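If you want the building blocks of each chain, they are given just below.
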Amino acid sequence: MNKKEFKEFIGRGVPVYLDGATGSNLVKRGMPAGVCPEKWILENKEVMIGLQEEYLLAGSDIIYAPTFTSNSVKLKEYGLEKDIMRINHELVGVSKEAVRRFHEKYPDRQVLICGDLTMTGIQLKPIGPMEFETLVSIYKEQIGYLCDAGVDLLVVETMMSLQECRAAVIAAKEVCDLPVMVTMSFEEDGRSLYGTDAVTALATLQYLGVDAFGVNCSCGPDKMLEIIQNLSEFARIPIICKPNAGLPSLSPDGSTFYNMKEDEFVEHMIDIVGAGACVLGGCCGTTPQYIEQLKEKTKNMPVSFCEHKPLRILTSERQYLSFDLDSRFLIVGERINPTGKKALQEELRNGCFDIVREFAEEQEARGASVLDVNMGMSGIDEKDVMLKAIEEVTQTVNLPLSIDTSHVDVMEQALRHYPGRALINSISLETEKFEKLLPVAKKYGAMFVLLPLSDAGLPKDIKEKKQIIRTILNRALELGMEKEDIVVDGLVATVGANKNAAVETLETIRFCRELGLATICGLSNISFGLPERSYINTVFLTMAIQTGLTMAIANPNQDLLVSSAFAADLLLNKENADIRYIERIDFEKEQKARAVSKEVPAADLKVQPSLSSAPRDTGTPALPPVLEAVYKGVLKGNKGKIRELAKDAVDAGMEASGVLNEALLPAINKVGDYFDQGRYFLPQLIASAEAMKNAIEYLEPFLMQESSSEHMPVIVIATVEGDIHDIGKNLVALMLKNYGFRVIDLGKDVPKETIVDAAEENSADIIALSALMTTTMKEMKNVVDLAKSRGIAAKIMIGGAVITQEYADEIGADGYSKDAADAVKVAKKLTGGING
């Protein structure tokens, strides 16, 4: 099936129905815990064929082939990676047999088989060890086998990382032309484990070429309504909703069940359809009966999606920026550029990115909406440095990026690795850029700055400039892009050399607005060679805003310029411009007062209200400078420099215990607070935890010399038997170690006997258990029961994606933690407040 056929299949005006749960139903039908699901299915094909035939009879239009974890990484856990081709082929064959049997009874009904992919369980750099291209290759391998086996389309499901979704989608685009659906799992706060909200994910992926997007797993339909409503505002592709049957609980016989019956599930799904979802199904706990009732109650509800909805939107991994021609004026921060900055050049040559991070934070605090990243300089590998700079900036701030390079190969790699929808700066009519970069922009779904230059250089007059704009615009439209994907550079010349420079730029802005195009310009050229340039730049900017300028590349530290832009928005009666202007002036006054009193360095300025969601610490404890540097190193996740900062503190005469108690622990506590508040997300939490770990590793010999024989609480931690997921468990272990607990990490898929034996041998104070899957969570109760039967004194705490406080109470666990930061608090409580 090609993408056009899929669009016709989905766009019939009525809901399309997926299947329901696989794993929980196979457990009910005899699949034991801890086995390789793929291997068990192939040894018990009739069970799977029967389940899928039931879904088809219940009304499913699309069934998922049971290839969910049939990638090489997952299969390697069971020693089956060499059989990956056979396994994928045979599992698709199972679904084909179910369809064949169904068509014997209903030959006229079209049904599709979807090749199913998911995460590998190994995190991408910089959080984990896996390279992006390695992950793309892993997905390419599985997708190739699924295509060979004859699937009709692909689904990438139950994803937590937007970047991993991107890797799978790019892999699919480079292997085949099949339609691709993506569904992600979101927490109660509406964000994924990595801090991505649903709209940001949707915007990134629909421009990358995904054919349908939505949400699955994690919760019941009652918790998904707001997410679907938010998606509907921005979706240009079908929205998918595939929820669980509520929340998992433990039955008296020890089996897992879900608390939402069919009738309640369907009632909530009716609201979901009304909110804009048109592809419906079920996840954990749902059965063919759920799908049957769902179809019966919603089959006549009209559904649609607006394929040509006009949108201008940029994204980072954790935030989106939506704007139109009448939106507030936007500043693209220009400072991350080594031109004329000797200190930055020296750092980049030495592989250091401290100044890059500082510039990113400072510009975000000062009100930039987008950050331009340029690494053009001699003496470096620009591609490698650009990729590292993007990694550093995206870990430091939440703003979307403008990728600024004159090299096509650097641009393509940057767009490939950037975990969002970027702005290309820029594409001109110069032959190489025009011919090569426009297809690159289309492939990766980027917006781009249209620079009206040609091989002949600057246009000789306004007429030629307009013609260049039309030529690039028309070619972009031919490639399938839209006007909303383009931001035209007004190409500001120097008024000292060309008296009509400002007039011509303003005419360009008017011309573009008539064409429905957004505009951008750099400001500094207009005043080159003239005295008191800031006045000229500021007046020109306000004139340009009045004419319709959308954004400008500028230094947001220029208070006169930025405040004038806010004032221009106010006078033009743009939405909320009055509030924003007042906040901006208050912000300026506050920062000037702080600068005078020298309370806060420029790099630690408070974030201007309503301009950015990223936190900056304004409550740094009153510390000696060397300890303040350590504190900020942890707070900002500066893994590379933290050892040096810790050494500086010790060399300055600080005791290691003082560094730990006065800087490291307060900093990681602040990180935990930010995480609890939804201001920090998994990437920042891990970066800060890794930074603290590196500092403690340096300080450990000194701490040993200073410490007494004080007993340090011992925690045995493991992912329970049958569960091969360990992302959350690893982070919990890292955080606990940072707080001084002695952690014995047994790994994943650990039998209950091994866990209890380790607790007994090490006189553990706590047994910490993790499970991600509903099919393995019941193993936690087995550990609890075994520990109690053997008289183990250790307290037991549990956690994981499917775990709740109610479940902890049901199985007799002593504590439940919802995430890694919370695990520290629970562990402290269970050990009587030791270490904190």
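Residues numbered from 1 in each chain as written. Predicted model: local features only at pLDDT ≥ 70, side-chain atom pairs only at ≥ 80, totals over all residues. Heavy atoms only, no water.

### Some remarks on the overall build of the protein chain
So, point 1. A tally of helices and strands in the protein chain yields 31 helices and 25 strands.
So, point 2. Over its C-alpha trace the protein chain gives a radius of gyration of 28 Å, about what one expects of a compact globule, namely 28 Å for 836 residues.
So, point 3. By its C-alpha atoms, the protein chain is 85 × 80 × 45 Å across when sized along the principal axes.
So, point 4. For the protein chain, the proportion of its 836 residues judged to be buried stands at 59%.
So, point 5. Within the protein chain, residue pairs in contact and separated by at least 24 positions form 75% of the contacts whose partners lie at least 6 positions apart. (Helix = DSSP H or I, 4+ residues; strand = E, 2+ residues; numbered from the N terminus. Rg over C-alpha atoms; globule rule 2.2 N^0.38 Å. Buried < 20%, exposed > 50% of the residue type's maximum accessible area, 1.4 Å probe, protein only. Contact = heavy atoms within 4.5 Å.)

### Some thoughts on the nonpolar core
So, point 1. Grouped together as the largest cluster of nonpolar side chains are 210 residues, with contacts concentrated most on Leu154, Met181, Val182, Phe213, Phe448 and Leu664.
So, point 2. Not counting residues up to four positions away in its chain, the partners in contact with Phe213 are Val182, Met184, Phe186, Ala198, Ala201, Leu202, Leu205, Leu231, Ile237, Pro238, Ile239 and Ile240.
So, point 3. Core analysis: the next-biggest nonpolar cluster, separate from the first, contains 32 residues, Leu250, Ala758, Ile767 and Val802 among them. (Core = buried A, V, L, I, M, F, W, Y, C linked by side-chain atoms within 4.5 Å.)

### Quick notes on helix α20 (residues 533-547)
So, point 1. The end-to-end C-alpha distance of α20, which contains 15 residues, comes to 21 Å, matching closely the 21 Å that a straight helix rising 1.5 Å per residue would cover.
So, point 2. Those residues of α20 that fall on the buried side of the exposure criterion are Asn537, Thr538, Phe540, Leu541, Ala544, Ile545 and Thr547.
So, point 3. As for α20, its buried residues are in contact with α19 (501-515), β19 (518-522), β20 (551-554) and α21 (559-571).
So, point 4. Two residues or fewer past α20, Gly548 is found with a positive phi of approximately 125°. (Expected span 1.5 Å × (residues − 1).)

### Looking at the side chain of Arg416
So, point 1. Tracing the sequence through the fold places Arg416 in helix α16 (residues 408-417).
So, point 2. Looking at Arg416, its side chain comes within polar contact range of the side chain of Tyr444, at 2.9 Å.
So, point 3. In this structure, Arg416 is in contact with Phe132, Glu133, Val136, Arg166, Ile170, Glu174, Lys443 and Tyr444, ignoring residues within four places of it in sequence. (Polar contact = N/O pair within 3.5 Å; in protein donor to acceptor, adjacent residues only side chain to side chain.)

### Overview of unusual backbone geometry
So, point 1. In this model, Lys125 is joined to Pro126 through a cis peptide bond whose omega is 10°.
So, point 2. In this fold, Pro126 is placed in the loop between β3 (112-117) and α7 (132-149).
So, point 3. Here the residue pair Asn425 and Ser426 is connected by a cis peptide bond, since its omega of 15° sits within 30 degrees of zero.
So, point 4. Turning to its location among the elements, Ser426 is positioned in strand β16 (residues 423-427).
So, point 5. Phi at Ser218 takes a positive value of approximately 70°, unusual for a residue other than glycine.
So, point 6. The topology assignment puts Ser218 in the loop between β6 (212-216) and α10 (225-234).
So, point 7. The backbone phi angle of Ser763 is positive, close to 50°, even though this residue is not glycine.
So, point 8. With respect to the secondary-structure elements, Ser763 resides in the loop between α28 (752-761) and β23 (766-770).

### Considerations on the sheet that holds strand β13 (residues 330-336)
What links the strands of a sheet is backbone hydrogen bonding, and the strands pair in either a parallel or an antiparallel sense.
So, point 1. The parallel closed barrel is built from 8 strands, whose spatial order is β13-β14-β15-β16-β17-β18-β19-β20. The mean angle between the axes of side-by-side strands here comes to 25°, regardless of whether they run parallel or antiparallel.
So, point 2. Sheet analysis places strand β14 (residues 370-374) next to strand β15 (residues 401-404), joined by 4 bridges and oriented parallel. By the bridge assignment for β15, Leu371 is matched with Leu401. (Pairing = 2+ DSSP bridges. Axes fitted to C-alpha atoms, helices over the stretch in contact; angles between N-to-C directions.)

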